Structure formats: C-alpha cells, structure tokens
Amino acid sequence: MTKMKISVVVHTYNAAKLLAYTLESVKDFDEVLVCDMESTDNTLDIARQYQCKIVTFPKKNYTVPEPARDFAIHSVSNQWVLAVDADEVVTPQLREYLYNYISQPDHADALYIHRKNMFLGKWIKASYPDSQLRFMDQTKATWPPTIHSVPTINGTIGHMPRDTKYALIHAGISISGQIKKMNDYTEDDLNKRHQHNASLFQMIFSPLWRFIKYYFIEGACLEGRAGFIKAAFSACSKFYYLAKVYERHVNEKLDK
C-alpha cells in the first residue's frame, strides 16, 4: 500500500526568532510550506535554508493569521496537512503518530492535537491539553478568517490521546507579547459576544474567580512564579473584557 503523505504549513510574519527550531522539527515530513505575510526580517532566508516551499499572502491590513492559514492549507501538494505556528515544535513521536493514524482505515477527516504551552521557560501544566484542530484532510477543510477560529471540517473529527509524548510544544510568548494578545483577544471577544453591560460585582469577582480557578483548582500554583503570573494574566484578561463591555455601554448612552 502506498504510504500517505503529509504536508506541513507554517504561517509567518517576522517570525525569524524561533522559526529555525520549528523548521528543524518538521523537516522529515513530505513537504513543508511557509506561507509568509510579507515579512521584513530574515524569515524567508531561514525558510530558504530549509528548502521550504514558499508562498506569499499579502499582509494588507490583516491583523490575524487565519486568512493566510486558509490560503496555505490549500496551497500544499498533499491531501493531509498539519498547520504549525512559527513558535511550535513537532516531536518525532507526534510525527510518527500522524503517519500511523492516516494509514488506518477508520481515521477521521481531521484531528485535534494537544499542546504543551511553555511560559517563562516552564511548561504550564494547568493549560494542558489546550487542544488545537491542526491536522486535517485539506480537501474537506475551510479556515474562517477570524481570530482564534477553528477550521470547518466537512466530515468527521477525532482527538489524539492525552499522552504528553504526542503533544505539540508551544514555545510561548514574552510578557510584552502576552499583554498585546490580551488586548487583541478581549477586543475580539467584545465584538463576538453580545453582553450589554458589566456590573461592579462582575468586575471584582469574575476576575478573582478566574484567578482562583486557574491558580489553585487547575494547578498553576505548582509552577512557581511562572504559574502565578500566568494566572494573573488570565484574571486580567477577564477584567479587561468586562471593562471594555462597560465602556461600550457608557459610550452607547452618551451617543443617544
């Protein structure tokens, strides 16, 4: 039986910092495609060093990678595609699992992969499994052009085992990057949800509960200062969202 082939797509925009680690980890797949949004650093030089196929998706005014991801997964040569960020590492165990998976007759059309998130040099176990729909039959997949969207699959979806040896490793982001993402994500939540106001009670206790849940119940307290900071970011994100809800409510009243 002919072995099924897998393509890897990596979305990039000024991703030179960690890209070599990512490309080194995926070099044994059948094809590696870098979809670049007009980087101005040496991202493309690194991609060429690894002899990747390179396609360009115009940056324009896009602030999220999802439109480029949809373009990328349909630009590969093979039916099966694994979407990887430029700060993620694919382990040999994960690669072997994926090839074995599609060789079975009863596989699904897409697969959720678990992810180990690193933060300040530590694996934050409280965030595991952080499942991501990243492996798919690209002929049955569409990636909606909105932040944090999940591919739409015209077929069945499966899940990998929770065993950490099969996990995708996410290098994590800096404190400054985390702050920027909190603003971007809460802005997106504000646009998606239809919450009309936020009470003072909500603004005090909802972030507090978020911190307690993540830090004590989910176990971030076992990760030292990195776990504490991560839990504080989680609480702050909830507070920022509720503050923006209230701000919108006030602005709507003033406009009347």
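Predicted model, so just to flag it, every value in this text is computed and none were measured.

1. A closer look at the overall build of the protein chain
- The helix and strand tally for the protein chain stands at seven helices and 13 strands.
- In terms of C-alpha radius of gyration, the protein chain reaches 20 Å, essentially the compact-globule figure of 18 Å for 256 residues.
- Each of the three principal axes of the protein chain carries a C-alpha extent, and together these read 65 × 40 × 40 Å.
- Of all intrachain contacts in the protein chain linking residues separated by at least 6 positions in sequence, the fraction that spans at least 24 positions is 72%.
- Looking at the protein chain as shown, the accessible area adds up to about 13800 Å², and 55% of this sits on carbon and sulfur atoms.
- Within the protein chain, the 28 negative side-chain charges are centred at a point lying 5 Å from the centre of the 31 positive side-chain charges.

2. Observations concerning the environment of asparagine 14
- Relative to the elements of secondary structure, asparagine 14 occurs in the loop between β1 (6–12) and α1 (16–26).
- For asparagine 14 and threonine 40, which are 26 residues apart along the polypeptide, the C-alpha to C-alpha distance reads 6.2 Å.
- Ignoring any residue separated from it by four or fewer positions in sequence, one finds asparagine 14 in contact with Ser39, Thr40, Asp41 and Thr43.
- There is a polar contact of 3.2 Å between the side chain of asparagine 14 and the backbone nitrogen of aspartate 41.

3. Notes on the environment of leucine 98
- Structurally, leucine 98 is set in helix α4 (residues 92–103).
- Leucine 98 gets classed as buried once you look at its relative accessible area, which sits at 0%.
- Residues leucine 98 and tyrosine 166, spaced 68 residues apart in sequence, show a C-alpha to C-alpha distance of 9.4 Å.

4. Thoughts on the packing of aromatic side chains
- Overall, the coordinates contain 14 aromatic pairs when judged by the stated rule.
- Relative to tyrosine 215, the ring of phenylalanine 211 lies with its centre 5.1 Å away and its plane at 20 degrees, an arrangement referred to as stacked. Of this pair, phenylalanine 211 and tyrosine 215 both sit in helix α6 (residues 200–217), separated by four residues, roughly a single helical turn. Per residue, the accessibility class of phenylalanine 211 equals that of tyrosine 215, and both read buried.

5. What to know about the sheet that holds strand β7 (residues 115–119)
- The four strands are arranged β5-β13-β7-β8 in an open sheet whose pairing can be described as mixed. What marks the edges here is a single partner per strand, and that holds for β5 (88–89) and β8 (122–123).
- Across three bridges, the pairing between β7 and strand β13 (residues 168–170) is parallel. By the bridge assignment, asparagine 117 is partnered in β13 with histidine 170.
- Strand contacts of helix α7 (residues 224–255): β7 and β8, with the helix running at about 100 degrees to β7, the strand carrying the most contacts.

6. Side note on the confidence of the model for the protein chain
- Averaged over all residues, the pLDDT of the protein chain equals 93, while 99% of them reach at least 70.
- Here helix α5 (residues 175–192) stands out as the element of the protein chain with the lowest mean pLDDT, 88, in contrast to strand β2 (residues 31–36), whose mean of 98 is the highest.

7. Focus on a nonpolar patch on the surface
- Residues Leu200, Phe201, Ile204, Phe205, Leu208, Trp209, Ile212, Phe216 and Ile217 make up a contiguous nonpolar surface patch of roughly 960 Å² in combined accessible area.
- Residue placement: isoleucine 212 occurs in helix α6.

8. Brief notes about the sheet that holds β2
- Strands sit in the order β3-β2-β1-β4-β9-β6-β12 across an open sheet of seven strands; the sheet is mixed. Two strands in the sheet have a free side with no partner beyond their single neighbour: β3 (53–56) and β12 (157–159). Pairs of neighbouring strands in the sheet enclose a mean axial angle of 25 degrees, with direction left out of account.
- Note: strand β6 (residues 110–113) against β12, three bridges, orientation parallel. Its bridge partner lying in β12, tyrosine 112 is registered against histidine 159.
- Helix-sheet contacts for α1 involve β1, β2 and β4 (80–85), and the interaxial angle to β1 is about 175 degrees.
- Along the sheet, α4 contacts β1, β4, β6, β9 (132–137) and β12; its crossing angle with β6, the most-contacted strand, is approximately 155 degrees.

Calculation criteria
- Residues numbered from 1 in each chain as written.
- Predicted model: local features only at pLDDT ≥ 70, side-chain atom pairs only at ≥ 80, totals over all residues.
- Heavy atoms only, no water.
- Helix = DSSP H or I, 4+ residues; strand = E, 2+ residues; numbered from the N terminus.
- Rg over C-alpha atoms; globule rule 2.2 N^0.38 Å.
- Contact = heavy atoms within 4.5 Å.
- Areas by Shrake-Rupley, 256 points an atom, 1.4 Å probe, with all protein chains shown as cover.
- Lys, Arg positive; Asp, Glu negative; His and termini not counted.
- Charge placed at Lys NZ, Arg CZ, Asp CG, Glu CD.
- Polar contact = N/O pair within 3.5 Å; in protein donor to acceptor, adjacent residues only side chain to side chain.
- Buried < 20%, exposed > 50% of the residue type's maximum accessible area, 1.4 Å probe, protein only.
- Phe/Tyr/Trp six-rings, centres within 6.5 Å; stacked < 30°, edge-to-face > 60°.
- Pairing = 2+ DSSP bridges.
- Axes fitted to C-alpha atoms, helices over the stretch in contact; angles between N-to-C directions.
- pLDDT = per-residue confidence, 0-100.
- Patch = residues over 30% accessible without salt bridge, like charges linked within 9 Å, V, L, I, M, F, W, Y side chains within 5 Å.
- Salt bridge = Lys/Arg side-chain N within 4 Å of Asp/Glu carboxyl O.

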